[in-house]
Amino acid sequence: MLSAVVLVPLAGAVLVALAGRGSAGLARVLALASSLAAMAVTGVALAGMSGAQGLVERLPAGGEGATWWVLSLDGLAAPLVALTAFLGVISILASWRIERSPAAHLALLLALQAAVAGVFLAAHVLLFYVFWEAVLIPMYFLIGLWGHEDRRHAAMKFFIYTFAGSALMLVGLMMVAFSSASLEFVPGFGLTAGGMADEMRATVFWLLAAGFLVKIPVMGLHTWLPDAHVEAPTAGSIMLAGVLLKMGGYGMIRLAMPVAGEAFASAQPVLVALGIGGIIYGALVALAQSDLKRLVAYSSVSHMGFVVLALGVGTPLALGAAMLVMVSHGLVAGMLFLLVGLLYDRTHTREMDRFGGLGRTLPGWATAFTFAALASLGLPGLSGFPGELVTVLETFGSIGWWAAVAAAGVVLAAAYNLVAVRRVNHGPVAQEWAGTSDLRAGEWAAVAPLAAGIVALGVWPALVVDAAGPVVRALAATIGGGS
Amino acid sequence: MSDWMVLLPTGLVLAGAVLGLTLDAGERRRAALVVIAAGLAAGATAAFVLAARDTAVLGFDAFGFVPALWMIAGLVHALAAVAVLGGYRALSAAPNGGQMAALAALSAAAAGLLPGVVDIVALVILLEAVALTGYALVAGARGRRSDEAAMKYFIQGAVATGLLVYALAVLYGTLGSGLSLPDIARAVGPGDRAALTAFALLLAAFAFKLGAFPFHSWAPDAYETAPPSMASFLASGPKLAVLAIAFIMFPVVFSGEPFDGPALWMLGALAVASIVFGNLGGLKQTSYARMLAYSGIAQVGYALVGLTVMHLVGLPNSVPVYLLGSMYAVAAAGAFLAAQAFRASDPAWDGTIAGLAGAGKRRPLLAAAVTVCLLSLTGIPLTGGFWGKFLVFGGAVTTGTAWLAVVGVLGSVVSFGYYGGAIRAMYLDEPRVPPVPAAGAGEATAEGAVADRTAEAAVVAVALVVVAAGVLPLFDGLRFFTRFLALPF
């Protein structure tokens with residue numbers, strides 16, 4: 001069943017690429033059917049998951065070490081696997097109106113979904129790396145072929161940055177792989193490096209973290225992100241911000257931090273500093289943007305700063321909050337990029353100065369955008385609130401009043417989100433968009449589920465936190481971050 | 001019987017080559033090409049069957065083949081067969097096409113015996129046979145530039161031969177050993193200055209043959225000017241064979257004191273220099289074939305990382321380097337052959353990377369296959385090239401030379417700058433000149449732009465092998481490779 005979560009979208013990609021070449025309509029229907037089928041098998045797999053150790057699957061069936069195709073689904077992976085399947089459907093809907101080689105575009109989206117699901121499910125060091133790199137290739141072509149003006153540069157930058165990070169990660173993985181007996185992850189926990197000396201663990205941690213921190217991305221290693229997010233087509237931005245960034249946070253929790261063990265203590269201050277820096281820096285730069293998509297991209301840097309901060313704090317609650325922020329950001333950023341993309345389709349501009357009064361000209365779009373912006377700034381009751389609140393509280397417990405700096409990030413988030421809403425939705429009506437049509441039913445079909453997810457996670461954050469609980473408690477105990 | 005068994009694959013290849021030359025002399029060039037390719041394919045099959053028998057085969061006190069070495073020999077023959085078949089259309093159009101194919105077969109026959117050679121006289125003869133056919137193949141394009149490249153290749157190769165013979169003379173003469181590698185290994189004692197000199201000379205000679213920095217300067221010209229199908233063989237088959245014998249010779253003959261320190265230093269320096277120079281040089285290239293030639297320098301550097309590691313852990317750990325070498329050879333053969341197919345599909349192509357713009361649209365299957373080969377050369381997972389690099393660099397990590405692994409992976413990142421540049425050109429760049437034929441030349445262009453189906457099919461076949469080698473290990477944990485590539489001694 002777990003293999004099906006990877007193989008169904010992959011088969012769908014092949015099917016769409018082969019069968020959909022002649023007819024765009026057929027390609028769309030096949031792609032949507034494939035992504036819905038992937039969501040269905042993901043649902044079945046999630047329903048079948050029980051206990052802290054979750055499901056484990058080997059192909060071909062055999063004992064440990066017989067094969068490298070080892071997948072597992074536990075509480076840590078489950079929310080992200082579900083998010084991937086969900087955003088997979090949304091991204092297909094978001095690229096419904098792509099005109100340039102729609103079959104290839106949709107096939108690449110499905111292949112991307114398969115690879116990302118593989119990253120979250122892989123329970124073998126080598127398989128993990130294989131999926132990790134496999135993600136790069138469809139994303140490279142999605143940005144490079146269907147992106148905006150500066151797409152070729154952005155695609156190359158995206159590839160080189162993440163490839164450089166993952167090359168160092170590969171050295172770290174090799175140090176683990178060739179020094180421990182089992183290359184498989186411990187069920188319900190993650191990678192372990194039994195018997196490795198402490199100094200060695202710290203080295204391995206930083207090598208692995210190099211790959212993950214580029215992906216999250218932390219401040220300083222983030223410069224690929226604005227380019228890639230802005231230049232990518234809408235569906236690409238949704239997947240990029242929605243799930244690809246989460247691969248970094250997931251990798252930290254699943255691989256880097258368990259391997260570090262008690263040696264993690266020396267890395268904590270660095271991560272906390274990087275996290276707080278990212279929160280403030282991302283928010284300030286977002287505040288300065290005039291391009292709406294660029295604003296959303298920098299807000300991602302800020303939100304992911306909360307994840308890095310929470311990882312650095314390393315208590316069970318903080319780690320649970322990191323998961324919550326990641327899933328929430330997947331939904332919120334997905335919705336924001338979708339809305340910005342839908343607006344761009346109509347107006348062919350992202351300059352906020354050229355908008356104004358969209359609340360009157362496009363009331364449906366403006367309502368959805370206001371909702372997403374409120375979710376992004378962390379309004380209580382919506383998904384952005386609980387994760388960031390817990391992160392700040394746990395940070396307070398760990399480093400005291402310095403946490404106030406992180407809290408300032410929440411204020412800044414309110415600033416840039418509300419400024420964007422004011423400049424786009426309110427003020428004098430920009431006459432050039434007077435005749436523009438509002439969201440259609442098909443577009444609401446992509447927007448509404450995201451909004452529903454944001455509300456659901458806002459009122460019931462336990463959905464993610466409880467699932468991830470056993471894994472993050474075990475991890476926190478290993479790194480000495482509390483009971 | 002066993003003695004002659006060693007020569008079976010070579011015999012089949014030679015028979016095909018001789019018959020082919022006869023047919024070619026009778027003006028039946030297409031038949032000649034088919035016969036030569038069939039002989040090579042038969043030789044490859046024979047070698048693979050011998051590998052699968054899983055026993056060592058010895059012959060004439062000069063050869064000692066184990067399954068892994070038969071695999072290499074079979075691969076060398078197969079690569080030559082792919083080159084001849086892939087170049088079928090171009091070779092059958094060239095006046096000397098039949099002769100070039102026969103030369104490639106002769107080169108493959110010699111290169112196929114090389115990995116199993118034990119006697120140093122046979123070693124020199126085979127290496128020279130490979131080199132001489134190589135000079136002739138580079139000159140085969142019959143232009144002024146290719147003459148110059150072949151001359152450069154010849155002169156530098158002659159120096160390399162001199163170093164090789166001198167090194168072997170030092171070993172044989174000053175140590176009073178026999179002529180076989182095990183004899184020499186026994187005679188080389190601790191603290192032998194002469195042996196250390198021989199080591200350095202041999203290393204330089206092999207570095208010439210492999211095109212490692214700083215002995216590389218013949219390579220870019222040779223591979224750029226040779227006919228693409230022949231370049232595809234030259235850059236893959238002979239290189240793989242020479243790597244294979246180097247992987248055996250250095251650890252067998254020069255193990256232990258006094259080589260540990262200096263050997264490690266020299267091999268490591270050569271590896272790092274090749275990786276750095278090859279990758280940085282590759283970034284600067286505008287010509288597709290030249291870019292591949294520079295990338296070949298870097299790839300030899302990765303293989304030398306493996307050789308350095310083998311010095312530390314010994315011969316049984318040779319699977320990684322064999323895998324790396326094999327996967328490089330296969331992917332490089334595909335990438336070079338693609339130049340042939342590109343030229344056929346667009347006669348106006350000037351051989352530059354930028355000139356490939358739009359190839360993804362014009363020839364989607366070909367472009368996809370080349371992309372697979374280039375990603376394999378970069379070392380991206382799901383291609384065979386990844387496992388080769390993974391195991392070689394992994395070996396470096398475990399033997400305390402992690403710095404070599406770091407140089408290697410960073411080199412791989414840089415290499416995407418030019419491999420990815422070619423991919424970017426094929427898919428993302430718009431063709432600079434729209435492919436609208438001018439009024440007068442319309443007919444000629446339309447006639448010229450015929451798809452070279454055989455070259456395209458050869459590249460696609462190579463790409464399928466590369467992907468299979470990349471995916472299969474996920475399900476059987478490299479057992480497929482270790483079964484065939486492990487050296488049982």
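Up top is the structure these notes are about.
This report concerns the structure included in the present document. Since the model is a prediction, treat every value here as computed from it, not as a measurement.

**Digging into the interface of chain A and chain B**
Alright, step 1. Between chain A and chain B, the contact holds 34 residues from the first and 38 residues from the second.
Alright, step 2. A buried area of about 3200 Å², summed over both sides, lies between chain A and chain B, and 83% of it is on carbon and sulfur atoms.
Alright, step 3. For the pair chain A and chain B, the interface holds one salt bridge.
Alright, step 4. Within the residue set of the side of chain A that touches chain B, elements represented by two or more residues are α5 (125–134), α6 (136–146) and α7 (151–177) of chain A.
Alright, step 5. For the side of chain A that touches chain B, the element with the highest residue contribution is α7(A), accounting for 14 residues.
Alright, step 6. Tallied by class, the residues present in the side of chain A that touches chain B amount to 27 nonpolar, two polar and five charged.

**Some thoughts on the pattern of salt bridges**
Alright, step 1. Scanning the entire structure with this criterion turns up 17 salt bridges over all chains.
Alright, step 2. When the shortest N-O distance is used, the salt bridge between A:Arg254 and A:Asp74 registers 2.6 Å. Linking A:Arg254 in helix α10 (residues 234–260) with A:Asp74 in the loop between β2 (69–73) and α3 (77–94), this pair joins segments that are 180 residues apart in sequence. Considered together, A:Arg254 and A:Asp74 belong to a single accessibility category, that of buried residues.
Alright, step 3. Overlapping salt bridges, with partners in common, bring together B:Arg145, B:Lys152, B:Asp221, B:Glu224 and B:Arg290 in one network.

**Comments concerning the side chain of B:Glu128**
Residues and elements named next belong to chain B.
Alright, step 1. Considering the arrangement of structural elements, one finds Glu128 in helix α7 (residues 120–139).
Alright, step 2. You can call Glu128 buried: its relative accessible area is 18%.
Alright, step 3. Only 3.4 Å separates the side chain of Glu128 from the side chain of Lys209, close enough to count as a polar contact.

**Description of unusual backbone geometry**
The general pattern is negative phi for most residues beyond glycine and trans for most peptide bonds.
Alright, step 1. The omega angle of the peptide bond from A:Ile216 to A:Pro217 is -15 degrees, so this bond is cis rather than trans.
Alright, step 2. Note on placement: A:Pro217 falls in the loop between α8 (198–215) and α9 (224–231).
Alright, step 3. The residue after B:Phe213, namely B:Pro214, is reached through a cis peptide bond having omega 5 degrees.
Alright, step 4. Note that B:Pro214 resides in the loop between α10 (193–210) and α11 (219–225).
Alright, step 5. One non-glycine residue, A:Ser101, adopts positive backbone phi at about 35 degrees.
Alright, step 6. Tracing the sequence through the fold places A:Ser101 in the loop between α3 and α4 (102–121).
Alright, step 7. For A:Ser101, a relative accessible area of 38% corresponds to the partly exposed category.
Alright, step 8. For A:His348, which is not a glycine, the phi torsion comes out positive at approximately 55 degrees.
Alright, step 9. Position of A:His348 among the secondary structure elements: in the loop between α13 (316–347) and α14 (358–361).

What counts and what doesn't
Residues numbered from 1 in each chain as written. Chains lettered and ligands numbered in written order. Predicted model: local features only at pLDDT ≥ 70, side-chain atom pairs only at ≥ 80, totals over all residues. Heavy atoms only, no water. Contact = heavy atoms within 4.5 Å. Buried area = accessible area lost by both parts, 1.4 Å probe. Salt bridge = Lys/Arg side-chain N within 4 Å of Asp/Glu carboxyl O. Helix = DSSP H or I, 4+ residues; strand = E, 2+ residues; numbered from the N terminus. Nonpolar A, V, L, I, M, F, W, Y, C, P; charged D, E, K, R; others polar. Buried < 20%, exposed > 50% of the residue type's maximum accessible area, 1.4 Å probe, protein only. Polar contact = N/O pair within 3.5 Å; in protein donor to acceptor, adjacent residues only side chain to side chain.

The quantities given are spatial measurements derived from coordinates; they are silent on function.
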